[in-house]
Structures are given as C-alpha cells and as structure tokens.
Amino acid sequence: MAFNGSPRKKKWNTVTLLNNALKGAESAGAKTELLQLYDLNYSGCISCFSCKKIDRKEDGVCAVQDDLTAVLNRVKEADALIIGSPVYYGTETAATRAFLERLCFPYLKYAKNMQSLFPKRINTAMIYTMGVTEEMLKQTGFSQVFATTRMMLGMHFGACELLLSKDTLQYSDYGKFESEMFDKEAKYKRHAEVFPKDCKRAFELGVRMASGEVPEPEQIPGFEY
Ligand SMILES: Cc1cc2nc3c(=O)[nH]c(=O)nc-3n(C[C@H](O)[C@H](O)[C@H](O)COP(=O)(O)O)c2cc1C
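Residues numbered from 1 in each chain as written. Predicted model: local features only at pLDDT ≥ 70, side-chain atom pairs only at ≥ 80, totals over all residues. Heavy atoms only, no water.

*Asks:* Before we move on, could you go through the nonpolar core and cite the residues and values that matter?
*Replies:* Ranked by internal contacts, the top residues of the largest apolar core, which has 38 residues, are Phe 3, Leu 81, Phe 99, Leu 103, Phe 146, Leu 153 and Phe 157. Looking at this core, the elements that each hand over two or more residues are helix H2 (68–75), strand S3 (80–88), helix H3 (94–104), strand S5 (123–129), helix H5 (142–156) and strand S6 (160–165). Here this core gets 6 residues from one element, more than from any other, and that element is H3. With sequence-adjacent residues up to four places away left out, Phe 99 is seen in contact with Phe 3, Leu 37, Tyr 42, Leu 68, Val 71, Leu 72 and Ile 83. Of all hydrophobic cores here, the second largest spans 15 residues; its members include Ala 80, Ile 127, Cys 199 and Ala 202. (Core = buried A, V, L, I, M, F, W, Y, C linked by side-chain atoms within 4.5 Å. Buried < 20%, exposed > 50% of the residue type's maximum accessible area, 1.4 Å probe, protein only. Helix = DSSP H or I, 4+ residues; strand = E, 2+ residues; numbered from the N terminus. Contact = heavy atoms within 4.5 Å.)

Structure (structure tokens):
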C-alpha cells in the first residue's frame, strides 16, 4: 500500500516516485494500491485514548470514524507500506503527519519496552521530496526529522527505508511564478538529469519492499540518516 501525502496528485515529484516504487513492487509480483491522502477527509489523533483502554475489545483500532477508518482497516492486511511526502517547513505535510499519528498510535503499547501491537513485521518506506539543494540540506535539521519518522515506522511496523529526492522542480514554468531565490536553469537541468535517477531508485526500493524479507536496520539503505 502506498500513500501520497502531496496535494499535487497527478504528475508531480512525490506521486511520480511513488508510482515508480509501485511499478518496482509489481515487477516483483506484488499487488499494489496508491491512496491519495488529499482525497480523504480525516483528522490526526484526537487523544481519546480508546486504543489504550485496559478493557478494549481489540488491539490496534483507532476509534475515530472518518475517511481513514476503512484505510486503517486495510493496513492490517498490507505486506508493505510506502509513504511519500513533500517536505513542508522542514517536516512532512500536515496530511501526512495526521495520517502517521492515526496509523501508528493505536499499535503503540505503553509497556516498559514500548512494544508494537501490529501483529507482523512488514517493510516500510518513506519517500521525501524537497526543494532544498544537497548543500542546503546539510545545513538544515531535516535529517533528524526523517530519522525520527523512520524510527517510528520501524518500531511500529518493521524496517523503514528512506528515499530522499532533493532540489526538486517546483513549477513547470519558473517564468510564471515568484522564483528569484532559485537558479531556474539548474532546476530544469537537475529535473532532466537527476530526477530520473531518483525514479530508478524508487523502482528498486519497490522491488525490495515486495521481496517479503524484512531486513535488519543496519542492512537498510538510508540507515545513516
Ligand atoms: C507550503 C510549502 C512548504 C515547503 N517547505 C519546504 C521546506 O521546508 N524545505 C524544502 O526543501 N522544500 C519545501 N517545499 C518544496 C517542496 O517540498 C517540493 O517542491 C516538493 O518536491 C513538492 O512535492 P510535489 O511536487 O510532490 O508536490 C515547500 C513547498 C510548499 C508548497
């Protein structure tokens, strides 16, 4: 199951990488589905703690009833989860954050060693796209954000791979929008030369997600982030 956390649903950076990842998974025999988070009406966790009640009937159930309810039910059957998000103000988009809260919290057992109640170990991946250049990324604290989400998914579901696509194209025509701060020729060039390589990396990630093997953290590409 893949989730697009970008409001640009059709042909932009995040969804293109997700589609490549799904093509990779399909090439390895997986049945795939892509959900557009911006088509759904839902909130983040409302802190009702129904999922933490001692006398709850079932583990891993979020009591909030909205468009995510059916989606979260289907996650129980998934063999891999791939979540794509643009970076907005140094973190995932609001829709992605709300989704992550609802996805993870019902499976968190407040035991001494913070166990996961998700009944199996599955592969997970976060695909991030962002406008910053490679150089600028090093000066930001974004990597810590990626590492935290990666740890969170790893803890609840299973090994989480990270794919970062940097210095992305934001507009198809930089002449039509405010863009003084960008080197637009460099943007077009990178989109033509580097983005296709990111798509290839996404395809390969999809193949790995569908392999059925859940690697140990130190064997996962992107572990160093
Ligand atoms: C509201 C907003 C905030 C953004 N904040 C950041 C940011 O903090 N860092 C960054 O590198 N890019 C930022 N960007 C750029 C996007 O992350 C980048 O263009 C991304 O590839 C968009 O993904 P999409 O093409 O799938 O929509 C921002 C874009 C928007 C619209």
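Still more to cover.
*Asks:* How would you explain the packing of helix H1 (residues 13–27) against helix H7 (residues 195–209) if you had to name every residue and give the values?
*Replies:* The packing of two helices is summarised by the inter-axis angle and the distance between the axes. Between H1 and H7, the least distance of the axes is 6 Å, while the angle of their chain directions is 40°. Viewed along their axes, H1 and H7 adopt a mutual orientation that is oblique. Read as a crossing pair, H1 and H7 show a hand that is right-handed. When H1 is examined against H7, the residues Asn 13, Thr 16, Leu 17, Asn 20, Ala 21, Lys 23, Gly 24, Ala 25 and Ser 27 are found in contact with a partner set consisting of Phe 195, Asp 198, Cys 199, Ala 202, Phe 203, Leu 205, Gly 206 and Val 207. (Axes fitted to C-alpha atoms, helices over the stretch in contact; angles between N-to-C directions. Parallel < 35°, antiparallel > 145°, perpendicular 65-115°, else oblique. Left-handed = near helix turned anticlockwise from the far one by under 90°.)

*Asks:* Please provide a residue-by-residue account of the site of the ligand, values included.
*Replies:* Around the ligand, the surrounding shell holds 17 residues, and the nearest of these are Ser 6, Thr 14, Val 87, Thr 129 and Thr 168. Here Arg 8 contributes a side-chain N or O atom positioned 2.9 Å from an oxygen atom of the ligand. Contact distances for the ligand include 2.8 Å between an oxygen atom and a side-chain N or O atom of Asn 13. Here the ligand is seated within the largest pocket. Looking at the shell around the ligand, the elements that each hand over two or more residues are H1 and S3. Take the shell around the ligand: its biggest share by element is 3 residues, from S3. Looking at the shell around the ligand residue by residue, the classes come out as 8 nonpolar, 8 polar and 1 charged. (Near = heavy atom within 4 Å. Polar contact = N/O pair within 3.5 Å; in protein donor to acceptor, adjacent residues only side chain to side chain. 1 Å grid on protein atoms, 1.4 Å probe; cavity = no way out; pocket = protein on both sides within 12 Å on 5 of 7 lines; lining within 4 Å. Sits in = over half its atoms within 2 Å of the grid points. Nonpolar A, V, L, I, M, F, W, Y, C, P; charged D, E, K, R; others polar.)

*Asks:* Would you mind going over the pattern of salt bridges in detail, with residue names and values included?
*Replies:* What the rule picks out here adds up to 16 salt bridges. Between Lys 187 and Asp 167 there is a salt bridge; the shortest N-O distance is 2.8 Å. Note that Lys 187 is positioned in helix H6 (residues 184–193) and Asp 167 in the loop between S6 and H6, a separation of 20 residues in sequence. In this structure, Lys 187 and Asp 167 share a single accessibility class: buried. In this structure, Lys 189 engages Glu 193 in a salt bridge whose closest nitrogen and oxygen atoms are separated by 3.3 Å. Separated by 4 residues within a single helix, Lys 189 and Glu 193 lie in helix H6, roughly one turn from each other. Taken together, the shared-partner salt bridges in this structure form one network comprising Glu 134, Lys 166, Asp 167, Lys 187 and Arg 190. (Salt bridge = Lys/Arg side-chain N within 4 Å of Asp/Glu carboxyl O.)

*Asks:* Break down empty space enclosed by the protein for me, citing the residues and quoting the values.
*Replies:* Using the criterion set out here, one finds 2 cavities of 30 Å³ or more in the structure. Empty space within the largest cavity amounts to approximately 100 Å³. Along its surface, the largest cavity is lined by 14 residues, and Cys 45, Cys 48, Cys 51, Cys 62 and Phe 105 are the ones closest to its centre. Taken together, the residues of the lining of the largest cavity break down into 11 nonpolar, 1 polar and 2 charged. Estimates place the volume of the second largest cavity at around 40 Å³. Contributing to the lining of the second largest cavity are Ser 165, Lys 166, Asp 167, Thr 168, Leu 169, Arg 190, His 191, Val 194, Phe 195 and Asp 198. (Points joined across faces, edges and corners; volume = space filled by probe spheres on them.)

*Asks:* I'd like a description of the packing of H2 against H3, backed by residues and values.
*Replies:* The geometry of H2 relative to H3 is characterised by a closest axis approach of 11 Å and an angle of 55° between their N-to-C directions. In this view, H2 runs oblique relative to H3, as classed from their interaxial angle. Between H2 and H3 lies a crossing whose hand is right-handed. In this structure, H2 contributes Leu 68, Thr 69, Val 71, Leu 72 and Val 75 to the contact, and H3 contributes Phe 99, Arg 102 and Leu 103.

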